[in-house]
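So you can see what is in the structure, the chains are spelled out below.
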Number of protein chains: 2
Amino acid sequence: MQLGQFDLFCQVARVKSFSKAAKLLHISQPAISAQIHSMEEFYGIKLFERTPHGVTLTPAGTVLFDYAKQILELHEDLERKLTGMADEKNQKLVVGATPTVGGHALACGIWTFKDKYPDLQINLEIDNPQEIVTKIYDKDVDLAIVECPVRNFKGLTVKNVFTDELVAIVPNNAHWAGRTTVTLDELLKNRLILREEGSELHLLLDEALRPLNLRFADLKPSTSISSASAIKTAVENGHGVSIGLRLTVQKELRHGNILALTIENVDPRVEYNLVYRDDDLTGVAKRFIRFITSPGELEVC
Amino acid sequence: MQLGQFDLFCQVARVKSFSKAAKLLHISQPAISAQIHSMEEFYGIKLFERTPHGVTLTPAGTVLFDYAKQILELHEDLERKLTGMADEKNQKLVVGATPTVGGHALACGIWTFKDKYPDLQINLEIDNPQEIVTKIYDKDVDLAIVECPVRNFKGLTVKNVFTDELVAIVPNNAHWAGRTTVTLDELLKNRLILREEGSELHLLLDEALRPLNLRFADLKPSTSISSASAIKTAVENGHGVSIGLRLTVQKELRHGNILALTIENVDPRVEYNLVYRDDDLTGVAKRFIRFITSPGELEVC
DNA sequence: ACCGGTTACGTATCCCGTAATCATT
DNA sequence: AATGATTACGGGATACGTAACCGGT
């Protein structure tokens, strides 16, 4: 039995659904199903009642839930204690990130990580992708997360940790309500507000538009703003539309102020990559990698 | 992190040696080394100081030892509780075994298992191999452990759980002291006391002697005794020599009353096989299989 | 040379993701 | 139809054992 299985089990128990837990943990539903099944096999007793609306804990599942929480709690205690015992080098961690990742996904994750290990000193270094990679080489940062592909660099390990998607960001008003997709042409008929040239979005859009023989510059955005939150405010108030990563507008989506539409004929996939030198990793760095690659941790604030 | 790794770690911490722990857990030394290494990697801190004489816990290792014991204790509690909640079918387990296995290896294991799950009702059914297999088919026993190969039976799963060896059993007196091997010829010059014809030993010896074109009957034992303990008493007192499985004389070996010698030119390996029907396994049966196949559990009393 | 731990490598198993399927509303 | 769970299958990671290799007594 793995501790991760307890974690998975607790998530399922909390949200009372295999599929919801799968989304939260960023793994597939069959993976959840298989893990729960293997736990039921392991303990020789049914843990969930499957209903059409989700799942509910059996009495045995309730007992397991209780113990699983205790065991996980103990283990977190243990990790905190061990972290406190590490030598000086292992008490300090410098994480690099691009503005998009650093401002949304990572910012929250770092707080969670720091909550787990209060003794750690963590610095978040935000810069553009090229600079970040240079800093990894120079050992100024221990590891970094960037949303653009990092290629042709030897001595660096690149691991995909999350898949985001490019979406059209439009106000949730009478004109757009109910829509789920939009063509690029229709989008361009509106006032388009984008991040500035040279930003990560620039690179991402160049990449995504290449199959259409278009480039970032061809979009001719009426306004370029270097602040993601300023763009969101503008869109919310009906001043225009934008294109961005779903993760950066997750909070606003929940509030219903804006809509995120799929752009037809554009492959929306954007991979977030964890990058680090394969040698010279400190213990903290390894633990952070484990933290950030474990399901469900890379969440927006 | 797996619970089994905590278990492994605790064993190493207790015996303060990788190789000793490997023997106890019936796995190889490199396996121990790799597991401990992966735990040190996982927590980012060294857990053992390696010395030429074995290993000692670092301060971090001491902390982990403490927590590991707590976590394992909690988990055993959990398993007990879940076992108590199982339905009636899952509270009863019938284990089959041949006399050799049942009288030595399993007898102790079953007590350990019962200690873990006091609510269980366990029956140990001892019979000869053919009868045992029949009883598995008839669902009179849930699973069995036999020390002879079970072949050509469809619908049965056979898993090797332990490797024992056939040894010559001689008194620890002036004549034999210091010896580690013996030829079959020399052995036959002594009064040979064996288990009765038709016993498992009969089958095992027929198998082991086949490469030499010999059979059990060719040994012409001067005495056949159906009781293993009676044979051991006779050998201890210098009344003769015998051949048997190392496991059956482990206790006497520790006391130094007798010696176990390798018989030259005889392949001593004897596999203990776990046998069960692949369908219709109860939860308890699965748990017992897990118990018995987990390292270090199949120990002589 | 021996004992104890590590490294290297081939193999078996497990776990996940994708895709197809089943069951219920 | 649509939602939610299971089954089938292929690929990647993991853990084991064997064998060869150090390092200290």
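Sequence order as written defines residue numbering, which begins from 1 separately in each chain. Throughout, the order in which chains and ligands are written sets their labels, letters from A for the former and numbers from 1 for the latter. Given that this is a predicted model, residues contribute local features only at a pLDDT of at least 70 and side-chain atom pairs are listed and counted only at 80 or more, while totals for whole chains, interfaces and linings are drawn from all residues. Hydrogen atoms and water are omitted, and side-chain values are computed over all heavy atoms in the structure.

Quick look at the confidence of the model for chain A
Each residue carries a pLDDT score, the predictor's confidence in it, ranging from 0 to 100. Taken residue by residue, chain A gives an average pLDDT of 85. The fraction at 70 or more is 93%. Here helix H5 (residues 99-116) of chain A is the element of chain A with the lowest mean pLDDT, 76, and helix H1 (residues 3-15) of chain A is the one with the highest, 94. Each helix corresponds to a stretch of at least 4 residues labelled H or I by DSSP, and each strand to a stretch of at least 2 residues labelled E; elements are numbered beginning at the N terminus.

Here we look at the relation of the copies chain B and chain A
Copies are brought into register by a least-squares superposition over C-alpha atoms of residues with pLDDT of at least 70 in both. Mapping chain B onto chain A is achieved by rotating through 180° and translating by 0.1 Å along the same axis, at an RMSD of 0.1 Å. Each copy turns onto its partner about a two-fold axis. When C-alpha positions in chain B are compared against the rotation axis, the closest is assigned to B:Gln2, at 2.0 Å. Here a residue-residue contact requires only that any non-hydrogen atoms of the pair lie within 4.5 Å. The overlap is high: 100% of the interface residues of chain B also sit at the interface in chain A, so the same surface is used on both sides.

Topic: the packing of helix H2 (residues 18-25) of chain B against helix H3 (residues 29-43) of chain B
Residues and elements named next belong to chain B. At a closest axis distance of 8 Å, the pairing of H2 and H3 adopts a crossing angle of 110°. Our classification of the angle between H2 and H3 gives roughly perpendicular. Judged by the twist between their axes, the crossing of H2 over H3 is right-handed. Taken together, the residues of H3 that come into contact with H2 (itself represented by Phe18, Ser19, Ala21, Ala22 and Leu25) are Gln29, Ile32, Ser33 and Ile36. Partitioned by chemical class, the residues of the contact of H2 with H3 number six nonpolar, three polar and no charged. Every axis corresponds to a line fitted to the C-alpha atoms, with the helix fit spanning only the stretch in contact, and the corresponding angles, defined between N-to-C directions, vary from 0 to 180 degrees. Note on terminology: angles under 35 degrees are roughly parallel, angles over 145 are roughly antiparallel, angles of 65 to 115 are roughly perpendicular, and the others are oblique. Definitions for this section: a left-handed crossing has its near helix turned counterclockwise from the far helix by less than a right angle. A right-handed crossing has that turn clockwise. Nonpolar residues are Ala, Val, Leu, Ile, Met, Phe, Trp, Tyr, Cys and Pro. Charged residues are Asp, Glu, Lys and Arg, and all others, Gly as well, are polar.

Things to note about the interface of chain B and chain A
When the parts come together, some accessible area is lost, and that loss is often what is quoted as the size of the interface. Residue-level contacts link 30 residues of chain B with 30 residues of chain A. In total, about 2900 Å² of surface goes out of reach between chain B and chain A, with carbon and sulfur atoms giving 70% of it. The salt bridge definition used is simple: a Lys or Arg side-chain nitrogen within 4 Å of an Asp or Glu carboxyl oxygen. Remark: the boundary between chain B and chain A carries two salt bridges. A salt bridge links A:Glu41 to B:Lys286, with the nearest nitrogen and oxygen atoms 3.4 Å apart. As used in this structure description, the phrase polar contact means that two N or O atoms lie within 3.5 Å; if the pair is within protein, one of them must be able to donate a hydrogen and the other to accept it, and residues adjacent in sequence are counted only when both atoms belong to side chains. Counting across the interface, chain B meets chain A through twelve residue pairs in polar contact (both at pLDDT 80 or more). Taken together, the elements giving at least two residues each to the side of chain B that touches chain A come down to helix H1 (3-15), H3, helix H4 (59-85) and helix H11 (283-293) of chain B. Once two parts are put together, the accessible area they lose, assessed with a 1.4 Å probe and summed over both, is termed the buried area.

Thoughts on the protein's contact with DNA strand D
By nearness alone, 17 residues border DNA strand D, and A:Gln29, A:Ser33, A:Arg50, B:Ser28 and B:Gln35 come closest of all. What you see for DNA strand D is that sugar and phosphate hold 73% of its atoms within 4 Å of the protein. The contact in question runs from a phosphate oxygen of DNA strand D to an N or O atom on the backbone of A:Phe18, over 3.1 Å. A:Ser33 places a polar side-chain atom, nitrogen or oxygen, 2.2 Å from a phosphate oxygen of DNA strand D. Among the elements of the structure, helix H2 (18-25), helix H3 (29-43) and strand E2 (54-57) of chain A together with H3 of chain B are those that each provide at least two residues to the surface near DNA strand D. By convention in these notes, a residue is near a molecule or strand provided one of its non-hydrogen atoms lies within 4 Å of it.

Looking at the pattern of salt bridges
Residues and elements named next belong to chain A. Scanning all chains against the criterion turns up 30 salt bridges over all chains. Taking the shortest distance from any N to any O, the salt bridge between Glu125 and Lys135 comes out at 3.0 Å. Here the residue Glu125 occupies a position in strand E4 (residues 121-126), and Lys135 occupies one in helix H6 (residues 129-137), the gap between them amounting to ten residues. When a residue's accessible area, from a 1.4 Å probe over protein chains only, is under 20% of the maximum for its type it is buried; when over 50% it is exposed; and in between it is partly exposed. Look at Lys135 and you get buried, because its relative accessible area is 16%. A cluster of three or more residues bridged by salt bridges with shared partners is formed by Glu73, Asp77 and Arg80.

So, the side chain of A:Thr83
Residue position: A:Thr83 is located in helix H4 (residues 59-85). A:Thr83 sits in the buried class, given a relative accessible area of 1%.

Observations concerning the packing of aromatic side chains
Only the six-membered ring of Trp is used, alongside the rings of Phe and Tyr, when aromatic pairs are assigned; centres must lie within 6.5 Å, and planes under 30 degrees apart are stacked while those over 60 apart are edge-to-face, with the rest tilted. Summed over all chains, the structure comprises 16 aromatic pairs over all chains. With 4.8 Å between their ring centres and 85° between their planes, B:Phe113 and B:Phe288 make a pair best called edge-to-face. Of this pair, B:Phe113 sits in helix H5 (residues 99-116) while B:Phe288 sits in helix H11, and the two are 175 residues apart along the sequence. For B:Phe113, a relative accessible area of 0% puts it in the buried group. Charge-over-ring contacts are defined here by two conditions on Lys NZ or Arg CZ: a distance within 6 Å of the ring centre and an angle within 35 degrees of the ring normal. Over the ring of B:Phe42 we find A:Arg290, and its NZ or CZ is 3.4 Å from the ring centre. One cation-aromatic arrangement involves B:Lys69 over B:Phe65; the distance from NZ or CZ to the ring centre is 4.1 Å.

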